[in-house]
Amino acid sequence: MRKPASAIAVHAILGLYTVLALFPIVLVVMNSFKAKRAIFNTPLQPPMPWNFDPIGYAKVFGDSAITSYYLNSLVVTTGTIFMTLLFGAMAAWALTEYKFRWNTLLALYLSIGIMVPIRLGSVAIIQLVSDLNMINTLSALVLVYTAQSLPLSIFILSEFIAQIPKDLREAGRCDGLTEFHIFFYIVLPLIRPAMATVAVFTMIPVWNDLWFPLLLAPTNGKQTITLGVQQFLGQYITDWNAVLAALSTAIIPVLILYVIFSRQLIRGLTSGAVK
Amino acid sequence: MAEVLIDKLCKSYGSAEILKDIDLKVEDGSFVVLVGPSGCGKSTLLRCIAGLEPISAGGMTIGGRQVKNLPPAKREIAMVFQSYALYPHMDVKGNMAFGLRFAGTPKAEIEARVAEAARILQLEPLLKRRPRELSGGQRQRVAIGRAIVRKPQVFLFDEPLSNLDAALRINTRVEIAKLHKLLNATIVYVTHDQVEAMTLADKIVVMNKGRIEQAGKPLDLYYKPANLFVAGFIGSPAMNFLEGHVTGSGRVEAAGSGLTLRLPSSCKPGDKVTLGVRPEHMNLGAAPGPLLQAQVDLIERLGETGYAHLRLPTGQVVISEVRGEPGHVTGDSISVGFDPVRCHIFDAAGRRIE
């Protein structure tokens, strides 16, 4: 048992951090329900009957472009998650299971991606995407985000795959499974918790990113929601109701995805395989 | 079922030779046990038969088919792992049916085979359970069931009992022996436990440092060990070895006692020999045969029998079985005898002299 004093200290620190982290979000959600005057006069006041005004939401849902921005964000995010998990797990499996000549070198090369931010290559990426005629396509975003997420995913998934008992893979081979069957029917189900973890931290920066949508898909209705919100921010007039409402609703899809994946974060799935 | 023929098999990792010139015949329907100390290469040999390790040189046929370059799946073998290696995300039935599903076996056939295996292994009430909900013995039976349903040419067992507790180990040992009779299967079985080897095997293969020291029927190995290693490895407690030399025709001098034995003519006076006497063939203070003077170091009492650890004047400790309740205590001076007929003689190179 931990001492009560230190438990209180730990909880106090965690509680403080939670409040700090949640404060801006709560502020955004609260103010999204208020009239414009109330947002500026009493920003810290929760929505009350006398200052309640859903005009922001009416504008957001009334604008069909915004709905398609949501869809764009959703497509880019789920596409990235899918590609990252599939190729990340495959690469991790290959690097841990098979002994081939450039194995270590390849693992090192991939880990460079963890250390060097992909944004340093923005200019080259724009050139590449433009040469491929992929400016203003969602595919370009998915490809760039997959490249961005792969290194860390491979690193984490390798660790988990290495923990799968060797006997299990060999039992599969004796059972007459091909290497692809072993990967899809034995390895993937067993690293599901790890994949959920990878999915969660792949998804959040992709959903929130403003940089690459701005560079690679800024117009033509291919904007993601974080970029699409910018249309309410003008040089002279900013429609704060709409901005706040759009940002508040942008939280929901990512929250749903998070709930789906966190259900998979069950520990002890491999217990009982080997003694 | 089929026979396995291994011909001059070699296996090395880099420059380290793990297996050297292994020649072995596993007869159709026989139960062959590979034993040896850890690191002797017995598991590696089994994995070579399974196809999980590529072999460096030599050949191997299963049922007359050269399998040297075939993957495990094509060799028609089934392996039971020491760790059981059950698929944790599938229930018992799923575990047993898994390999068949990918082999394209018809559904009705899979059902029938799984039901049959479950009946033989008494797994019927457990078919819907996950491996983590099973006890060690049950997991072991599922692992065996997974092998049975595939109807392989050869069963391979890699120390299947070493994770079970003592009582369960004896039970499962009996079950495996019964299963062998029932299925009339060809089995290659690896263990470091010589009781398992003696009780299960039609043929025991004793391995040491990557070579086969001797292969033969269990009792042949016990009564006629081919060399010092096998003599010391088979039998528990281990055989006592007394260094000696030939002094005249049919006479051996060992541990200070003149001993007359029938020696072959190839033995010349002055040759170094080693006498081997099993603890169970020694008697405290009784003839027939030569008597050795010794001091009691320790008496281990097991009930019906016991073992006396005796220190000879040379300082060497020998172990003698004692029946009933010995009246001796530590420090007593006693004499111990053995029957020369039951004595094994090995030459300077460690080979048996008949």
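What you see is a predicted model, and the numbers here were worked out from it, not measured in a lab.

(A) Geometry of the domain arrangement of chain B. All names here are of chain B. Domain boundaries in chain B define domain 1 (4-233) and domain 2 (240-353). Counting residues at the interface gives ten residues for domain 1, matched by ten residues for domain 2. Here domain 1 packs against domain 2, burying approximately 850 Å² in sum over the two surfaces, 57% of which is carbon and sulfur. When residues of domain 1 are sorted by the area they lose upon contact with domain 2, Y222, P225 and L228 head the list and together hold 57% of the total. Elements supplying a minimum of two residues to the side of domain 1 that touches domain 2: α7 (218-223) and α8 (228-233). Class assignment of the residues belonging to the side of domain 1 that touches domain 2 gives a composition of seven nonpolar, two polar and one charged.

(B) The pattern of salt bridges, seen in detail. In total, this model carries 21 salt bridges over all chains according to the counting rule given. D239 of chain A is the salt-bridge partner of K59 of chain A, the closest N and O atoms lying 2.4 Å from each other. One end of the pair, K59 of chain A, is in helix α3 (residues 55-62); the other, D239 of chain A, is in the loop between α12 (225-228) and α13 (240-262), and 180 residues separate them in sequence. Of the residues examined, K59 of chain A reaches a relative accessible area of 36% and is grouped as partly exposed. Taken together, the shared-partner salt bridges connect K166 and E170 of chain A together with K11, R47 and E53 of chain B into one network.

(C) Molecular detail of the packing of aromatic side chains. A complete count under the given rule lists 16 aromatic pairs over all chains for this structure. With centroids separated by 5.8 Å and ring planes inclined at 15°, the aromatic side chains of F229 of chain B and F233 of chain B adopt a geometry described as stacked. Remark: F233 of chain B and F229 of chain B occur in helix α8; sequence separation between them is four residues, near one turn of the helix. We classify F229 of chain B as partly exposed; its relative accessible area is 23%. Among the aromatic residues, ring-to-ring pairing joins W93, Y98, F180, F183 and F184 of chain A into one connected group. Positioned above the aromatic ring of Y13 of chain B is the side chain of K11 of chain B, whose terminal nitrogen or guanidinium carbon lies 4.7 Å from the ring centre.

(D) Up close: the domain arrangement of chain A. All names here are of chain A. Entries for chain A in the domain assignment read domain 1 (1-53) and domain 2 (63-270). One C-alpha centre belongs to domain 1, the other to domain 2; they are set 30 Å apart. At the junction of the two partners, domain 1 supplies ten residues and domain 2 supplies eight residues. Taking both sides of the interface into account, the surface hidden between domain 1 and domain 2 amounts to around 680 Å²; carbon and sulfur atoms contribute 68%. On the domain 1 side of the contact with domain 2, V28, S32 and K36 bury the most area, a combined 57% of that side's loss. Scanning the region where domain 1 abuts domain 2 turns up zero salt bridges. When residues of the side of domain 1 that touches domain 2 are traced back to their parent elements, those giving at least two are α1 (4-31) and α2 (36-41). The element that contributes the greatest number of residues to the side of domain 1 that touches domain 2 is α1, accounting for four residues.

Reading the values: rules and limits
Residues numbered from 1 in each chain as written. Chains lettered and ligands numbered in written order. Predicted model: local features only at pLDDT ≥ 70, side-chain atom pairs only at ≥ 80, totals over all residues. Heavy atoms only, no water. Domains from an automatic or database assignment. Contact = heavy atoms within 4.5 Å. Buried area = accessible area lost by both parts, 1.4 Å probe. Helix = DSSP H or I, 4+ residues; strand = E, 2+ residues; numbered from the N terminus. Nonpolar A, V, L, I, M, F, W, Y, C, P; charged D, E, K, R; others polar. Salt bridge = Lys/Arg side-chain N within 4 Å of Asp/Glu carboxyl O. Buried < 20%, exposed > 50% of the residue type's maximum accessible area, 1.4 Å probe, protein only. Phe/Tyr/Trp six-rings, centres within 6.5 Å; stacked < 30°, edge-to-face > 60°. Lys NZ or Arg CZ within 6 Å of the ring centre and 35° of its normal.

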